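Breakdown of the fold
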Amino acid sequence: LMVHDNGIGIDPKYHGKIFAKFVQLDSAYTKKESSTGLGLTITKELAELHGGKVSIKSEVNNGSTFIVQIPMQFN
């Protein structure tokens with residue numbers, strides 16, 4: 001599953017931090033919107049519980065793409 005936005009993007013130096021609990025980056029967007037800082041943490045934990053992972057591709061001023069990979073299991 002890939003989710004892409006055309007927002008302000010996230011500087012690569014923060015990519016390792018954004019999946020931590022309660023992390024919120026300061027930006028023009030976050031100052032207008034309230035958030036708990038748990039959405040990406042919950043997404044990552046759910047993906048990992050199913051043997052998957054979450055990753056990000058993002059650059060400042062170029063939007064962000066979040067990739068959720070969960071392996072398919074056949075019985």
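Anything mentioned here points back to the structure above.
The following refers to the structure shown. Being a predicted model, the structure only gives us computed values, none of them experimental.

About the cut-offs
- Sequence order as written defines the numbering, with residues in each chain counted from 1.
- Totals for whole chains, interfaces and linings use all residues, but because this is a predicted model, local features are given only for residues with pLDDT of at least 70 and pairs of side-chain atoms are given and counted only at 80 or more.
- Excluding hydrogens and water, the side-chain figures rest on all heavy atoms present in the structure.
- In DSSP terms, a helix is any run of H or I states spanning at least four residues, a strand is any run of E spanning at least two, and both are numbered starting from the N terminus.
- The rule is simple: take the accessible area with a 1.4 Å probe, protein chains only, and divide by the maximum for that residue type; under 20% is buried, over 50% is exposed, in between is partly exposed.
- Any two residues having at least one pair of non-hydrogen atoms within 4.5 Å are treated as being in contact.
- Every accessible area reported is derived by Shrake-Rupley at a probe size of 1.4 Å, with residue values counting cover from the shown protein chains alone.
- When DSSP finds at least two bridges between two strands, those strands are taken to pair.
- Among buried residues, those of type Ala, Val, Leu, Ile, Met, Phe, Trp, Tyr and Cys that are joined through side-chain atoms within 4.5 Å constitute a nonpolar core.
- Whenever two N or O atoms come within 3.5 Å, that pair is a polar contact, provided that in protein one can donate a hydrogen and the other can accept it, and provided that, for residues adjacent in sequence, both atoms are side-chain atoms.

**Some details on the overall build of the protein chain**
Broken down by element type, the protein chain carries 2 helices and 3 strands. Its helices and strands in sequence order give the protein chain the pattern β-α-α-β-β, from N to C terminus. The buried share among the 75 residues of the protein chain stands at 25%. For the protein chain, contacts bridging at least 24 residues in sequence account for 50% of all contacts bridging at least 6. When the accessible surface of the protein chain is summed, it comes to about 5900 Å², and 55% of that surface belongs to carbon and sulfur atoms.

**So, the pairing of strand 2 (residues 53-58)**
Here strand 2 shows a buried face lined by Val54, Ile56 and Ser58 and an unburied face lined by Lys53, Ser55 and Lys57. Taken together, the 6 bridges between strand 2 and strand 3 (residues 64-69) define a ladder with antiparallel strand orientation. Bridge pairing in strand 3 links lysine 57 to threonine 65. In this antiparallel pair of consecutive strands, strand 2 and strand 3, the connection spans 5 residues, and asparagine 61 shows a positive phi of 70 degrees.

**Overview of the environment of lysine 57**
Relative to the assigned elements, lysine 57 resides in strand 2. For the pair lysine 57 and glycine 9, spaced 48 residues apart in sequence, the C-alpha separation works out to 9.1 Å. Once residues within four sequence positions are removed from consideration, lysine 57 is found in contact with Gly63, Ser64, Thr65 and Ile67.

**Quick notes on the nonpolar core**
If you look at the biggest cluster of nonpolar residues, it comprises 8 residues: Ile10, Ile18, Phe19, Ala47, Val54, Ile56, Phe66 and Val68. Among the secondary structure elements, those contributing two or more residues to this core are strand 2 and strand 3.

**Overview of the pairing of strand 3**
Counting buried residues in strand 3 gives 5 out of 6 residues, a clear majority hidden from the surface. Two elements, strand 1 (residues 2-5) and strand 3, share 4 bridges in a ladder whose sense is antiparallel. Considered in strand 3, the bridge of aspartate 5 is made with serine 64.

**Re the side chain of threonine 65**
For threonine 65, the location among the structural elements is in strand 3. Threonine 65 sits in the buried class, given a relative accessible area of 13%. There is a polar contact of 2.6 Å between the side chain of threonine 65 and the side chain of histidine 4.

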